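# Overview (structure and organization)
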Amino acid sequence: MVSGESRWEKRERIRTHLLDLIEETGTGRPLPGERQLCEELGVSRPTLRAVVDDFVRDGLLVREHGRGVFVARAKVAQHLGGSPGQPQTLGVGGVDGTWASRTLDFKTVAAGPRIGRRLGIAPSEQILRILRLRTVDGDPMCVETLHVPHALVPGLTARDLETDSFYRLLGRRYQILLADATQSIEPTVVDEWEAELLGVSVHTPALLFERAARDAEGRVVEFTRSVYRGDRYRIFTRLSLAGRPDGGRVVDGSWSAATTVPGADTLAFDPYWSN
């Protein structure tokens, strides 16, 4: 125990020690037992457990009843832009993993007012509404609802989306060349149905993505709503800073895979985005 240490300083000391252990310990490997950690740090078990609980909630550690606490699998890193000086690209990356999709529902329906506005079409126009479960190494990662104007993709099947990239299909089969996309990202929690598909508890924190992609003619080709597991998904940004004596300013920014950050050191591209 450190003399004169405040409660906040104690928690930060424990956090720093555990973060070092997490980086040094391989994925899936156990941390030292509670008793050993408490003796090393000079803290009580309730104090140690409170910090461990935080890391379990954040997806850095996994607690297995009767076995101990283990280092969680690496998170997946979102990659939506190139490196500085490189062209901007659409892409999603995963850490040491293989992305796959399972089509859960595939229907032709009327767009309706809300989706029609997002696609820039009449509410009565027919669209494909496609529900998919995205996985990484077989683990559920994302529940995704894809909306596409039916007239743009005649003959598209549920099987197509399980065996090939959606964007590659647009380009090669339908000669639709994508030009840009807008995407919003915000925190949310999973509902009962999403929790069942993702294998997490109801109201587990998640990330909600809504994306609209346009082709070279300015048509909205897709509107997609995706709910990603908050415990396995993270986002990094890369910013370009102006070198000025007054402190500079941010002159550019793009989503990027931070390959030097623990938990995102190996990037494999999601085939959904491949050209």
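Positions within a chain are numbered from 1, following the residues in the order the chain's sequence is written. Note on the predicted model: pLDDT of at least 70 is required for a residue's local features to be given, and 80 or more for side-chain atom pairs to be given and counted; whole-chain, interface and lining totals, by contrast, use all residues. For the side-chain quantities, the full set of heavy atoms in the structure was used; hydrogens and water were omitted.

## Some words on the overall build of the protein chain
Secondary structure counts use DSSP, requiring at least four H or I residues in a row for a helix and at least two E residues in a row for a strand, with both numbered from the N terminus. When helices and strands are counted, the protein chain shows 7 helices and 14 strands. Type-normalised accessible area, obtained with a 1.4 Å probe on protein chains alone, sets the label of each residue: buried when under 20%, exposed when over 50%, and partly exposed for intermediate values. Residues counted as buried form 41% of the 275 residues belonging to the protein chain. In the protein chain, the share of contacts with a sequence separation of at least 24, taken over all contacts with a separation of at least 6, comes to 57%. Element-wise, carbon and sulfur atoms account for 50% of the exposed surface of the protein chain, whose accessible area totals about 14,700 Å². Residue contacts are defined here by distance: any two heavy atoms, one from each residue, within 4.5 Å place the two residues in contact. In this description, accessible areas are obtained by the Shrake-Rupley approach with a 1.4 Å probe, and a residue is regarded as covered only by the protein chains that are shown.

## So, the side chain of threonine 25
Inspection of the secondary structure assignment puts threonine 25 in the loop between helix 1 (7-24) and helix 2 (34-41). Residue threonine 25 is classed as buried on the basis of its relative accessible area of 19%. Within polar-contact distance, the side chain of threonine 25 engages the backbone oxygen of leucine 21 at 2.7 Å. The residues contacting threonine 25, other than those within four sequence positions of it, are Pro30, Leu31 and Val71. N or O atoms within 3.5 Å of each other form a polar contact, as long as, within protein, one can give a hydrogen and the other can take it, and as long as residues adjacent in sequence are counted only when both atoms are side-chain atoms.

## Re the confidence of the model for the protein chain
Think of pLDDT as the predictor's per-residue confidence, scored from 0 to 100. The predicted model of the protein chain has a mean per-residue pLDDT of 79, with 76% of residues at 70 or higher. Across residues 250-275, confidence stays below pLDDT 50; counting only partners more than four residues off in sequence or on other chains, it has 92 contacts.

## So, the environment of aspartate 231
Take aspartate 231: it is sitting in the loop between strand 10 (220-229) and strand 11 (233-235). In the structure, aspartate 231 is positioned 25 residues away from alanine 206 in sequence and 7.5 Å away in space, judged by C-alpha atoms. Among the polar contacts listed, one links the side chain of aspartate 231 to the side chain of arginine 229, at a separation of 2.9 Å.

## Topic: the sheet that holds strand 9 (residues 205-215)
Two strands form a pair only when DSSP identifies at least two bridges running between them. Ordered in space as 5-6-7-10-9-8, the 6 strands form an open sheet in which the pairing is antiparallel. Edge positions in the sheet fall to strand 5 (99-110) and strand 8 (178-189), since each has one partner strand and no second. Strand-to-strand twist in this sheet, taken as the mean axis angle between neighbours without regard to direction, amounts to 15°. Pairing geometry for strand 8 and strand 9, over 11 bridges, is antiparallel. When the sheet's bridge partners are listed, threonine 182 is paired in strand 9 with alanine 212. This element, helix 4 (residues 112-119), spans strand 5, strand 6 (126-136), strand 7 (139-149) and strand 10 of the sheet and lies at about 115° to strand 10. The axes used here are C-alpha line fits, helices contributing only the stretch in contact, and every angle between their N-to-C directions lies in the interval 0 to 180 degrees.

## Some remarks on the packing of aromatic side chains
Any Phe, Tyr or Trp ring, taking Trp's six-membered ring, that has another such ring centre within 6.5 Å forms a pair; planes under 30 degrees apart are called stacked, those over 60 apart edge-to-face, and the others tilted. With the rule as written, the count across this model stands at 2 aromatic pairs. Ring centres of phenylalanine 166 and tyrosine 167 lie 5.7 Å apart, and the angle between their planes is 45°; on these two criteria the pair is classed as tilted. Taken individually, phenylalanine 166 and tyrosine 167 each receive the classification buried, so the pair is uniform in this respect.

## A look at the pairing of strand 7
Of all 11 residues making up strand 7, 9 are buried, and the element is well covered by its neighbours. Two elements, strand 6 and strand 7, share 10 bridges in a ladder whose sense is antiparallel. Bridged to arginine 134 within strand 7 is cysteine 142. The turn joining strand 6 and strand 7, which pair antiparallel and follow one another in sequence, is formed by 2 residues; a positive phi near 55° is taken by aspartate 137. In this structure, strand 7 lies alongside strand 10, joined through 6 bridges in antiparallel fashion. Following the sheet pairing, threonine 145 is matched in strand 10 by arginine 225.

## A word on helix 4
Since the α-helix turns once every 3.6 residues, residues separated by three or four places project in the same direction. Residues of helix 4 that are buried: Gly112, Ile115, Gly116 and Leu119. The buried residues of helix 4 occupy an angular sector of 105° when the element is viewed end-on, so they sit on one face. Facing away from the buried side of helix 4, by more than 90 degrees, are the exposed residues Pro113 and Arg117. Those residues of helix 4 that are buried are in contact with strand 5, strand 6, strand 7 and strand 10. Of the residues flanking the end of helix 4, it is glycine 120, one or two places downstream, whose phi is positive at about 70°. Directions are taken from the helix axis to each C-beta atom, and the arc is the one they span.

## So, the pairing of strand 9
Of all 11 residues making up strand 9, 8 are buried, and the element is well covered by its neighbours. Strand direction decides the pairing type here: strand 9 and strand 10, joined by 9 bridges, are antiparallel. Counterpart to arginine 214 in the pairing with strand 10 is valine 220. In sequence, strand 9 turns back onto strand 10 through a hairpin of 4 residues, with glycine 218 there showing a positive phi of about 90°.

## A closer look at the pattern of salt bridges
Basic side-chain nitrogens of Lys or Arg form a salt bridge, by our definition, when they fall within 4 Å of a carboxyl oxygen of Asp or Glu. Applying the stated criterion to the full structure yields 17 salt bridges. Close ionic contact of arginine 232 with aspartate 139 constitutes a salt bridge, the shortest N to O distance being 3.8 Å. With arginine 232 in the loop between strand 10 and strand 11 and aspartate 139 in strand 7, this pair connects stretches of sequence that are 93 residues apart. A relative accessible area of 9% places arginine 232 in the buried class. For aspartate 139, a relative accessible area of 22% translates into the label partly exposed.

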